[in-house]
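Report on the structure
Residue strings, one per chain:
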Amino acid sequence: MKKYVIKDTEFHQHMLVKNITVLGSGVMGHGIAQVSATAGYNVVLRDIKQEFLDKAMEKIKWSLDKLVSKEKITKEEADSIFSRIIPIVDLKEAVKNAEMIIEVVPEIMELKKKVYAELDAVAGPDVIFASNTSTLPITEIANTTSRPEKFIGIHFFNPPQLMKLVEIIPGEKTTQAITDLTQEYVKSVNKQAVPSRKDVPGFIINRLFIPMVHEACYAQDRTNATLEEIDSAVKFKLGFPMGIFELADFTGMDVIHKATVEMHLRDKKVINPHPTIGKMFDEKKLGQKSGEGYYKYSDDKYERVALSEELAEKFNPIQLVANILNNAAWLITNGASDISEIEKAAQLGLGLKKPLFETAKEIGIKNIVDELNRLEKEHGEFYKPDPLLISML
């Protein structure tokens with residue numbers, strides 16, 4: 001295993017991470033445990049009940065067996081990876097040797113704060129806290145601990161075994177040394193890190209994706225296009241791997257609804273919530289996982305919606321492009337990211353086959369700004385074009 005030494009001028013200490021504790025053994029938690037153990041780290045997987053851990057270890061075993069059967073790794077490698085993951089229920093015991101703790105508990109602010117209060121009391125003072133959150137403010141969670149300078153956001157995408165992107169989000173007090181160390185860790189587990197330089201609502205991917213789902217609902221209201229027409233245009237004209245409604249069903253309305261509430265709470269300008277999403281969440285139409293979301297699904301095997309280039313011709317996706325581009329421009333204007341990082345994130349996290357700003361140039365920045373001006377006049381301030389887009393005219 002590679003050891004990364006980072007000279008930290010502030011603390012004058014060499015930092016090495018070999019032992020990682022993952023808190024929470026759900027889909028994300030056991031996936032992060034598996035990729036860390038695969039890279040040679042010693043991993044403790046912690047959850048509040050033994051049965052949760054047993055289930056998680058079974059899933060890890062299944063995943064490793066699958067890699068063996070596909071000849072991606074040998075049986076010996078699989079056994080050795082599996083043996084590096086130790087499931088433990090007792091929190092104090094679980095963090096005893098940890099140098100970095102990756103927390104993967106559900107996205108509920110009060111729950112996260114409660115977990116960190118317990119953690120702060122039992123973890124050694126030098127332990128790094130990394131929160132796997134997709135939308136919650138890192139700085140706010142960090143400030144409830146005694147070590148905000150050693151606290152960082154680390155957002156893996158689902159499933160962590162397959163998705164290459166990891167967003168890294170330093171809080172206001174996170175030191176550069178911790179950010180560097182986290183980037184080295186991400187690289188060591190064979191992932192690509194994209195930093196969100198500021199702790200902004202939704203970071204990068206959700207800042208682009210979540211508002212676009214709402215915007216697609218508004219576009220449908222305003223144009224009377226069918227779900228399939230909108231999705232076909234998103235897939236074939238904008239280079240998405242699937243339609244936006246299809247992607248929402250795949251992600252889950254519970255995830256989208258929670259992210260919407262969080263982001264809107266922190267900044268009303270980020271998102272223009274469409275009532276359909278809250279309604280679908282309340283009605284348990286969560287998408288693929290519940291058998292119905294925007295589309296109906298007959299069984300648990302993933303089935304694709306019938307989209308086509310013919311259907312794509314029936315819908316002009318300019319309103320959706322205007323929305324995603326305005327949010328990308330906002331990230332740049334507010335110093336959270338830049339064009340190349342956004343393009344990398346969109347390619348890895350959303351599976352975009354074509355760079356966003358390239359699509360924008362094809363459609364024409366002027367057409368996009370005109371569309372935003374039109375939408376602002378008809379539907380309000382939310383659509384005001386970002387100064388960056390105006391400067392690109």
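Residues numbered from 1 in each chain as written. Predicted model: local features only at pLDDT ≥ 70, side-chain atom pairs only at ≥ 80, totals over all residues. Heavy atoms only, no water.

**Concerning the confidence of the model for the protein chain**
- Per-residue confidence for the protein chain averages 93 on the pLDDT scale, and 95% of its residues sit at or above 70.
- Here residues 1–15 scores under 50 on pLDDT; set against residues more than four positions off or in separate chains, the count is 35 contacts. (pLDDT = per-residue confidence, 0-100. Contact = heavy atoms within 4.5 Å.)

**A short note on the pattern of salt bridges**
- Here the structure, examined in full by the defined rule, presents 24 salt bridges.
- Note that Glu-246 is salt-bridged to Arg-304, the shortest N-O span being 2.8 Å. With Glu-246 in helix α10 (residues 244–251) and Arg-304 in the loop between α12 (275–282) and α13 (309–312), this pair connects stretches of sequence that are 58 residues apart.
- Overall, the relative accessible area of 1% leaves Glu-246 in the buried class.
- A cluster of three or more residues bridged by salt bridges with shared partners is formed by Lys-279, Glu-283, Lys-285, Glu-292 and Lys-296. (Salt bridge = Lys/Arg side-chain N within 4 Å of Asp/Glu carboxyl O. Helix = DSSP H or I, 4+ residues; strand = E, 2+ residues; numbered from the N terminus. Buried < 20%, exposed > 50% of the residue type's maximum accessible area, 1.4 Å probe, protein only.)

**Focus on the environment of Glu-309**
- Within the secondary structure, Glu-309 sits in helix α13.
- You can call Glu-309 exposed: its relative accessible area is 51%.
- Along the chain, Glu-309 and Phe-236 lie 73 residues apart, while their C-alpha atoms are 6.3 Å from each other.

**Details of the UniProt feature "domain: 3-hydroxyacyl-CoA dehydrogenase C-terminal" (unreviewed entry) in the protein chain**
- In the numbering used here, UniProt assigns the feature "domain: 3-hydroxyacyl-CoA dehydrogenase C-terminal" (unreviewed entry) to residues 202–297 and 320–391.
- Helix and strand shares over residues 202–297 are 64% and 0% respectively, and the end C-alpha atoms of the span are 29 Å apart. (UniProt positions renumbered as here; feature names shortened; annotations may be inferred.)

**Quick notes on the sheet that holds strand β3 (residues 19–23)**
- One open sheet accounts for eight strands, arranged β5-β4-β3-β6-β7-β8-β9-β10; its pairing is mixed. A strand with exactly one partner marks an edge of an open sheet, and here the two such strands are β5 (85–88) and β10 (192–195). Strand-to-strand twist across the sheet, computed as the mean angle between neighbouring axes with direction ignored, equals 25°.
- Across four bridges, the pairing between strand β6 (residues 100–103) and strand β7 (residues 128–131) is parallel. Counted as the bridge partner of Ile-101 is Phe-129 from β7.
- Helix-sheet contacts for helix α1 (residues 27–38) involve β3, β4 (42–46), β5, β6 and β8 (151–156), and the interaxial angle to β4 is about 170°.
- Lying over the sheet, helix α7 (residues 176–188) contacts β3, β6, β7, β8, β9 (165–170) and β10, oriented at roughly 25° with respect to β8. (Pairing = 2+ DSSP bridges. Axes fitted to C-alpha atoms, helices over the stretch in contact; angles between N-to-C directions.)

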